[in-house]
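Notes for the structure review
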Amino acid sequence: MQFKRSDFPQGFLFGAATAAYQIEGHKFGGAGSTHWDTFAATPGNVVRAEDGALACDHYHRYEADLDLLKDAGMDAYRFSTSWARVMPDGKTVNPEGLDFYDRLTDAILERGLKPFQTLYHWELPSALADQGGWMNRDTVLRFGDYVDVITDKIGSRMASIATINEPWCVSFLSHFLGHHAPGLRDIRATARAMHHINLAHGEAMTRLRAKGMKNCGIVLNFEATQPADDSASSAKAADLQDAINNRWFIEGIAKGTYPQVVIDGFGQHMPAGWQDDMAQIGQPIDFLGVNYYTRGKVAHDADAPWPHTKSVTGTLDKTQMGWEIYPDGLHTTLTRMAKDYVGDLPIFVTENGMAWDDHIENGAVYDPERINFASDHILATKRAIADGANVQGFFYWSLLDNYEWAFGYEKRFGMIHVDFDTLQRTPKASYHALKSAIVRA
Ligand code: IFM
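Note that this is a predicted model, so its numbers are computed, not measured.

**Let's talk about the site of the ligand**
Lining the immediate surroundings of the ligand are Q22, H121, W122, N165, E166, Y293, W323, E351, W397, E404, W405 and F413. Side-chain polar atom of Q22 to an oxygen atom of the ligand: 2.7 Å apart, as the coordinates give it. Note that an oxygen atom of the ligand is positioned 3.3 Å from one of the side-chain N or O atoms of W397. For the ligand, whose accessible area on its own is 280 Å², the fraction buried by protein is 95%. A majority-of-atoms criterion places the ligand in the largest pocket. Each residue belonging to the shell around the ligand can be placed in one class, and the counts come to 6 nonpolar, 3 polar and 3 charged.

**So, the packing of helix α10 (residues 232–255) against helix α13 (residues 328–342)**
Their axes nearest at 10 Å, the elements α10 and α13 cross at an angle of 45 degrees. Between α10 and α13, the angle falls in the class oblique. Where α10 crosses over α13, the two elements pack in a sense that is right-handed. Between α10 and α13, the residues in contact are D242, N246, R247, I250, E251, A254 and K255 and R336, M337, D340, Y341 and V342, respectively.

**Regarding the pairing of strand β8 (residues 347–351)**
Within a regular strand, side chains alternate between the sheet's two faces. When you tally the buried positions in β8, you get 5 out of 5 residues, the bulk of the element. For β8 and strand β9 (residues 391–397), the ladder comprises 3 bridges, and the chain directions are parallel. The residue of β9 that forms the bridge with I347 is V391. Note on the crossover from β8 through helix α14 (residues 368–386) to β9: the handedness is right-handed.

**Side note on the pattern of salt bridges**
Within the structure shown, the criterion is met by 35 salt bridges. Between E50 and R48 there is a salt bridge, with the nearest N and O atoms lying 2.9 Å from each other. Taking the relative accessible area as the measure of exposure, E50 reaches 18% and is therefore buried. When the shortest N-O distance is used, the salt bridge between R48 and E410 registers 3.4 Å. Pair noted here: R48 is in the loop between α2 (35–40) and α3 (58–71) and E410 is in the loop between β9 and β10 (416–418), with a separation of 362 residues, a long-range link. Here E410 falls in the partly exposed class, since its relative accessible area comes to 34%. Residues joined by salt bridges that share partners form a network here, namely D138, R142, D145, D148, D152, E203, R207 and K211.

The rules behind the values
- Residues numbered from 1 in each chain as written.
- Predicted model: local features only at pLDDT ≥ 70, side-chain atom pairs only at ≥ 80, totals over all residues.
- Heavy atoms only, no water.
- Near = heavy atom within 4 Å.
- Polar contact = N/O pair within 3.5 Å; in protein donor to acceptor, adjacent residues only side chain to side chain.
- Areas by Shrake-Rupley, 256 points an atom, 1.4 Å probe, with all protein chains shown as cover.
- 1 Å grid on protein atoms, 1.4 Å probe; cavity = no way out; pocket = protein on both sides within 12 Å on 5 of 7 lines; lining within 4 Å.
- Sits in = over half its atoms within 2 Å of the grid points.
- Nonpolar A, V, L, I, M, F, W, Y, C, P; charged D, E, K, R; others polar.
- Axes fitted to C-alpha atoms, helices over the stretch in contact; angles between N-to-C directions.
- Helix = DSSP H or I, 4+ residues; strand = E, 2+ residues; numbered from the N terminus.
- Parallel < 35°, antiparallel > 145°, perpendicular 65-115°, else oblique.
- Left-handed = near helix turned anticlockwise from the far one by under 90°.
- Contact = heavy atoms within 4.5 Å.
- Buried < 20%, exposed > 50% of the residue type's maximum accessible area, 1.4 Å probe, protein only.
- Pairing = 2+ DSSP bridges.
- Right-handed = clockwise from strand over helix to strand, strands pointing away.
- Salt bridge = Lys/Arg side-chain N within 4 Å of Asp/Glu carboxyl O.

Here it is as structure tokens:
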């Protein structure tokens, strides 16, 4: 890699990220059915109808996985706690689930790693999905109750707590584009989910503050949205898509408002009285988590209903996901967040990484593409710091190959290869390269 630890400010954290449903093995420990289980069990939604029942069996192998993280010289571990493991029906506490996160927390701390918790990384309990999930305002309060329970168990030991991972995916990708559970394509459902997930963030912040928690924030995903060409119509389309993808959540949280172009598009479908929630949504946070993977080229589509936009394939090299590799977009995103929204507030790159069709050959995985990808994005982060963004850490997505949602186990993001038949872990060349770069001099 083209950087070393000493290129970064003292105390800058290097880590790796995972999420509960993607690695733990949801069938273990009394976890309840989630909307991802039922989405995956419905033909056509997920590659080979794969689900997270076994995943990487991190539930039983977490000690060895944390050893690998530690052996790479990393400082922090970003993980999520599963609502459906802690409260299988969304309401009733499962002591086994709480015990698992208690043990996991101890194991992280015993290795001298900083635990970065995310409270919601997408496994909504089916019992709450039955009642409308994120379309239903009541889910916000149920989420608050879960936040209370898990925080009482492990909150005081966390270095950082993020409320929601990628609310855009929870709402727009899942209720408008239909790519993720619950697989809806409905503008009214989307308007409600886009607001309620922000309100769930606000409710979680309220509950966390009531318990005296510090270092609380949210993790948002950003795409470097650009017009597909020089036309005025593409510029307008890209601005609207940017408002939906990149501005809706951060503007709500940092300024207590929503972009007017999106409010105009949602029109009558916004939940009544949404304006009264903006103060709770806009309460102060302690950090912003930035997830960044790619850029998106956007053009006007006169034949489509609102937002009248379409994606246009770009010309840059692409990852196994078909996502363009565009490190400059991370620099732009980080500096934009600092300048336009959060000022000096600490920012963490909470996810960045790439999927590749990795294979084991002679007992090793050679992945120079990932080495370059990570190196270029970490250097983009360094430039953002030089340009004034208060970025305090970088988490590679992901520690392990894992369940990549609608793509099942086909897309490999890990720095550690997982054989999904034997569950054997093999650190890839990128793992060793990162380890060499961040070794303490
Ligand atoms: O795997 C996902 C993760 O759950 C959320 N952020 C993007 C990753 C790669 O698609």
